[in-house]
Amino acid sequence: MYFHPPPQFNIVVLGILFLAGVLPGWVVADHYWYGGTDNNWNTAANWSSSSSSYTPVTSAPVSGTTVRFLNTDSIMVNFSDSASGRIYIDGDSQVEFASGSLKSGRIRVGGNATTVHPVWTISGGEISADDGYTVGAATPATWNITGGKITTTFFFNLHAGASKTFDTATVCNMSGGVVIAPSGTHIGECGYGIMNQTGGVFYGTGNAFIGSNGGNSENGNGYWNVGTEVAGKYTGTGEVYIAGDLHVGGAANSTRVGHLALYSGLLSARTIMVGAETGCDTVWKGGTLVNSRLEGNMTNEGSTIEMANDFSVTQAKIDSLADGETFFEKYQDGQIGTWTVTGTFAQTDGRLIFDIASDTHYDQLVADTLDISGGILEVQLLEDYFPTQETFYDLFSANTVTSLDLSLLVPGNAHQWSVTSDGRLHYQTADQVPEPSSWILLSGLFLWGMYCRWQRKKS
């Protein structure tokens, strides 16, 4: 979902109100941008000041100062130093940060009530806001991230408190660049906030919250879309790595609603917690999910699911990545893990991958209920491992099997693999070495064993 600023508002009226300081809630700034000369930050004629001893702003804001943008033109910001201060982007400002480096205190976009829509674009350079980023708290705003590096030691907050409907949502469109955020990642904390990620990499070193702030927020309604769907096709290369818990909404009657969708790209999170509040949902249509625990129910309609055991995201790990290398490739691919689903795991399409590293070390799925009617269950042998004769693997554990499509009973490498009556994968003979290093067993092969195991439990 993309937004464009509305027609220009009367800059003279707003300018007078700004300088007079009469609008409620507006922070009096040390420097105001009015433009009129060009779109260059370093042109002193573009600036005005609230102090009698005005010093032109020719670099990043000095520590402790506040800069507010209010204009009808786009601004190209190019910094080469790391001074620190607060920046407010309000009115109908269209601000682009393109190169250089900026160390700021707090950056607020749409932080004061107006009738117009600011747009902030980061296309390059490096920005560090020690006091965090707050977008859309008092006025709906748009944040475009097409490149560059964004870091903070506090929070990444798509607040959206001013966005009371979906049509007025505060939106972050991320198609490139890198974001490194701590535990305070909030998408739609107090209103409709939408994170559309079709590219770039988002690293969350702690927890993340969709539709809340993890505390006392109310009326949150957050959306995090990884990839996009256009005419039934899924595209996008975005990657999300959350080291801790990814909360999708809140508890019942909490007024905190979260929506999480994976269409393409990659989403990695140690724990995904789907809230019980009415409206909370997840969509799994494509891309790759890397997960250790999902609290709630899940229906896989096309995603590839990988299990892992290391979800820690640190600056040292990020810095160690070679050009073109992904975090998943270096730190998670091929790891052995146990994936727990506390509710029902259903699969109608997609792939569920089981890695086997040894006779006793392999991926496992533990679910309350299994409801698998389609897709592929893929077994991959890691490194130089080859199963010994008469080896058994307990890949599944479930309390209930509610649905089975027995037409999917199409075994692969049938002379070597089978499923026993108690639901265990069985390698029968090691006489032949298969040409590929992995076997794809359609879901029926496993489910037949699960069905027999379930039937025996019932009896």
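The structure displayed is predicted, hence computed values, not measured ones. (Residues numbered from 1 in each chain as written. Predicted model: local features only at pLDDT ≥ 70, side-chain atom pairs only at ≥ 80, totals over all residues. Heavy atoms only, no water.)

Q: Whenever I open this one, the packing of aromatic side chains confuses me. Can you help?
A: Between two aromatic rings, the relevant description is the distance of the centres plus the angle of the planes. Following the criterion strictly, the structure yields 17 aromatic pairs and no others. Both rings, one in Y203 and one in Y241, keep their centres 5.6 Å apart while their planes meet at 15 degrees; by these two values the pair is stacked. A residue pair is termed long-range when its members are at least 10 positions apart, and Y203 in strand β16 (residues 192-204) and Y241 in strand β21 (residues 239-248) qualify at 38 residues. According to the relative accessible area criterion, Y203 is buried, its value standing at 5%. Exposure remark for Y241: the relative accessible area of 1% places this residue in the buried category. Seen from their ring centres, Y241 and F327 are 5.0 Å apart, and the 55 degrees between their planes marks the pair as tilted. With a gap of 86 residues between them, Y241 in strand β21 and F327 in helix α3 (residues 327-331) connect regions that are remote in the sequence. (Phe/Tyr/Trp six-rings, centres within 6.5 Å; stacked < 30°, edge-to-face > 60°. Helix = DSSP H or I, 4+ residues; strand = E, 2+ residues; numbered from the N terminus. Buried < 20%, exposed > 50% of the residue type's maximum accessible area, 1.4 Å probe, protein only.)

Q: I would appreciate a short explanation of the environment of T282 in the present structure.
A: Locating T282 in the fold gives a position in strand β24 (residues 281-284). With 20 residues separating them in the primary sequence, T282 and L262 have C-alpha atoms 8.2 Å apart. Among the polar contacts listed, one links the side chain of T282 to the side chain of W284, at a separation of 3.0 Å. (Polar contact = N/O pair within 3.5 Å; in protein donor to acceptor, adjacent residues only side chain to side chain.)

Q: Hey, could you run me through the pairing of strand β26 (residues 298-307) in this one?
A: Most of β26 sits inside the fold, with 7 of its 10 residues counted as buried. Sheet topology places strand β25 (residues 288-295) next to β26; 4 bridges connect them, and they run parallel. Each residue of the ladder has a partner; that of N291, found in β26, is M307. In this structure, β26 lies alongside strand β27 (residues 338-356), joined through 6 bridges in parallel fashion. Across the sheet, residue T304 finds its bridge partner in β27, namely R351. (Pairing = 2+ DSSP bridges.)

Q: Please clarify how the pattern of salt bridges should be interpreted in this entry.
A: Note on pairing: side chains with opposite charge can pair once their charged atoms come close. Tallied over the full model, the rule gives 5 salt bridges. For the salt bridge of R293 with E295, the shortest nitrogen-to-oxygen distance reads 3.0 Å. Taking relative accessible area as the criterion, R293 reaches 33% and is therefore assigned partly exposed. For E295, a relative accessible area of 26% corresponds to the partly exposed category. In this structure, R351 and E378 form a salt bridge, with 2.6 Å as the shortest nitrogen-oxygen distance. Of the two residues, R351 sits in strand β27 while E378 sits in strand β29 (residues 376-381), which places them 27 residues apart along the sequence. Residue class for R351 comes out partly exposed when judged on its relative accessible area of 29%. (Salt bridge = Lys/Arg side-chain N within 4 Å of Asp/Glu carboxyl O.)

Q: Would you explain the nonpolar core in this entry?
A: Note that soluble globular proteins tend to have their nonpolar side chains buried in a common cluster. W120, W143, W224, W339, F345 and L365 are the most contacted members of the largest nonpolar core, which has 67 residues in total. Residues in contact with W143, not counting those within four places in the same chain, are W120, I122, Y133, V135, I150, F156, V171, C172 and N173. Counting 15 residues, the second-largest nonpolar core is a separate cluster that includes Y203, A308, L321 and F328. (Core = buried A, V, L, I, M, F, W, Y, C linked by side-chain atoms within 4.5 Å. Contact = heavy atoms within 4.5 Å.)

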